[in-house]
Amino acid sequence: MDHWTRIRDEVTPKLWATSYRILNHFEDARDCVQDVLLEVLSKPPRQPVENWSGYLQWLVAKRSLDSLRRRKRIPATGLPIQVVNSLSTSETTQEQDLRESLLAELQQLPSNQATAFWMTCIEEYSGREVAAAMNVAESTVRSLVHRARQHLSRKLAVGQESSRETKQT
Amino acid sequence: MTPSSSENSDELAKAIRAIQATPIPECPSFEIPTQVHRPLPQSLPFRWLALGSVAAAACILGLYCLSLQLFQTSNPGIELSHSNAGKPAENASHNDSPWPPGLVSRSSVIKQATNTSMITMPQDPMQNMRNDVAWLKAEYGNSSYREQLERIQDLWLFCSFKKEAREPSL
């Protein structure tokens, strides 16, 4: 139990940040992290885990992206008032648009591509760590990330272009 | 107009930075329960142990039922029930019994045969017939139920004939 307490104290803030970045919803993100922790406790992985942080982060990212796919409501509506007030308001509309576009496009990707992209590009884990967490070869992770980047770049550029044209007209 | 690859990468990089810069609220506390319900182990030895236990219980139950069946076949007059196990069915109704009236069970017949003298001829012709039946039953007690029934039927025919001869209906 001490082992788990230590993992919880060290890793939980990272898990929370990941889940919140994806879901952008306080309650959903909290539920997601809690579910993953309970799942790992009740059904520990069969193979030994070298990097618990990476493994849990991968689980949380995967679960959060799945929740995002299922969710239809507008993000950020569930934030408590005090949390909304405490957040930085310096975020520009363009950044917000880009973020929402990226999250929307991530939902269109296959689960393993989206998770590999998130872990590598957003959370900045190494390919080896992601491969260990996903239990696949490092080359597979590189391939997944490459395909995801190609798809997202294309879609984002097209989306930005169309939004610019809409603004001009 | 198709955007170039560098523009594509720029947009993606900006989006990644925007997501990384998302303001994160303070991490809430997460409860880790001290006792988590763990499912039963699904390893191969455990499965075999569980299956073996069930099979052994089924075998024991089957053997018990078989032995009961055999006991009842070899002792048709003895009813095995929870309240009257092993005791002769003395109080069984004669309508339900496969035996002719007066023959409740083999044990009672043997008892009757033991108590009745075979040498002295009783005055009652029916008593005589019952004695014959009892003797036959004691003699052929070990034969099968059908054989016993056939012998008894033969004897009854014979006794009826004797009775007829002794006491003509005319």
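In this text, all values refer to a predicted model and were calculated from it rather than measured experimentally. (Residues numbered from 1 in each chain as written. Chains lettered and ligands numbered in written order. Predicted model: local features only at pLDDT ≥ 70, side-chain atom pairs only at ≥ 80, totals over all residues. Heavy atoms only, no water.)

(A) The overall build of chain B, seen in detail. The helix and strand tally for chain B stands at five helices and zero strands. Going residue by residue from the N terminus, the α and β elements of chain B occur as α-α-α-α-α. Relative to its 170 residues, chain B shows a buried fraction of 22%. For chain B, the proportion of contacts with a sequence separation of at least 24, taken over those separated by at least 6, is 37%. (Helix = DSSP H or I, 4+ residues; strand = E, 2+ residues; numbered from the N terminus. Buried < 20%, exposed > 50% of the residue type's maximum accessible area, 1.4 Å probe, protein only. Contact = heavy atoms within 4.5 Å.)

(B) Spotlight on the overall build of chain A. If you tally the helices and strands in chain A, you get eight helices and zero strands. Listed by position from the N terminus, the elements making up chain A come as α-α-α-α-α-α-α-α. Residue burial in chain A is summarised as follows: out of 169 residues, 46% are buried. In chain A, the proportion of contacts linking residues at least 24 apart, taken out of those at least 6 apart, comes to 73%. Carbon and sulfur atoms provide 48% of the accessible area of chain A, an area that totals close to 9000 Å². (Areas by Shrake-Rupley, 256 points an atom, 1.4 Å probe, with all protein chains shown as cover.)

(C) Structural context of the pattern of salt bridges. Residue and element names in this part refer to chain A. Enumeration according to the criterion identifies six salt bridges over all chains in this entry. Ionic pairing is found between D35 and R63, a salt bridge with its closest N-O pair at 3.9 Å. One end of the pair, D35, is in helix α2 (residues 26-42); the other, R63, is in helix α3 (residues 52-70), and 28 residues separate them in sequence. Looking at D35, the relative accessible area reads 38%, which means it is partly exposed. We classify R63 as partly exposed; its relative accessible area is 24%. (Salt bridge = Lys/Arg side-chain N within 4 Å of Asp/Glu carboxyl O.)

(D) Looking closely at the packing of aromatic side chains. Residues and elements named next belong to chain A. Across all of its chains, the model carries four aromatic pairs over all chains by this definition. When the centroid spacing of 5.2 Å and the interplanar angle of 75° are considered together, the rings of W16 and F26 count as edge-to-face. Of this pair, W16 sits in helix α1 (residues 2-23) while F26 is found in helix α2, placing the two residues ten residues apart along the sequence. Neither residue differs from the other here; W16 and F26 are each classed as buried. Between the aromatic rings of W52 and Y55, the centroid separation amounts to 5.8 Å while the plane-to-plane angle is 85°, which identifies the pairing as edge-to-face. With W52 and Y55 both in helix α3, this residue pair falls three residues apart, about one helical turn. (Phe/Tyr/Trp six-rings, centres within 6.5 Å; stacked < 30°, edge-to-face > 60°.)

(E) Layout of the packing of α2(A) against α3(A). Residues and elements named next belong to chain A. Interhelical geometry of α2 versus α3 gives an angle of 125° and a closest axis separation of 10 Å. Taken as axis vectors, α2 and α3 run oblique relative to one another. Pair α2 / α3 crosses with right-handed handedness. From α2, C32, V33, D35, V36, E39 and V40 reach across to α3, where they touch W52, Y55, L56, L59, V60, R63 and S64. In terms of residue class, the contact of α2 with α3 is built from nine nonpolar, one polar and three charged. (Axes fitted to C-alpha atoms, helices over the stretch in contact; angles between N-to-C directions. Parallel < 35°, antiparallel > 145°, perpendicular 65-115°, else oblique. Left-handed = near helix turned anticlockwise from the far one by under 90°. Nonpolar A, V, L, I, M, F, W, Y, C, P; charged D, E, K, R; others polar.)

(F) Just the confidence of the model for chain B, in detail. Residues and elements named next belong to chain B. On average, chain B scores 68 in pLDDT, and the residues at 70 or more come to 49%. Confidence, expressed as mean pLDDT per element, reaches its minimum in chain B at helix α3 (residues 106-115) with 59 and its maximum at helix α2 (residues 44-74) with 86. Across the predicted assembly, pTM comes out at 0.52 and ipTM at 0.76. (pLDDT = per-residue confidence, 0-100.)

(G) Summary view of unusual backbone geometry. Residues and elements named next belong to chain A. Of note in this structure, E124 is not a glycine but carries a positive phi near 60°. Its place among the elements puts E124 in the loop between α6 (111-122) and α7 (127-134). One non-glycine residue, N135, adopts positive backbone phi at about 60°.

(H) Broad picture of the nonpolar core. One finds A:V40, A:L56, A:L102, A:L106, A:F117 and A:W118 to be the most contacted residues of the largest nonpolar core, which totals 53 residues. Residue assignment for this core shows that the elements contributing at least two residues are α1, α2, α3, α5 (93-108), α6, α7 and α8 (138-168) of chain A together with α1 (5-20) of chain B. What A:V40 contacts, discounting residues up to four positions off in sequence, is A:W4, A:W52, A:Y55, A:L56 and A:L59. By size, the runner-up hydrophobic cluster in this structure holds six residues, among which are B:M129, B:L136, B:I152 and B:L155. (Core = buried A, V, L, I, M, F, W, Y, C linked by side-chain atoms within 4.5 Å.)

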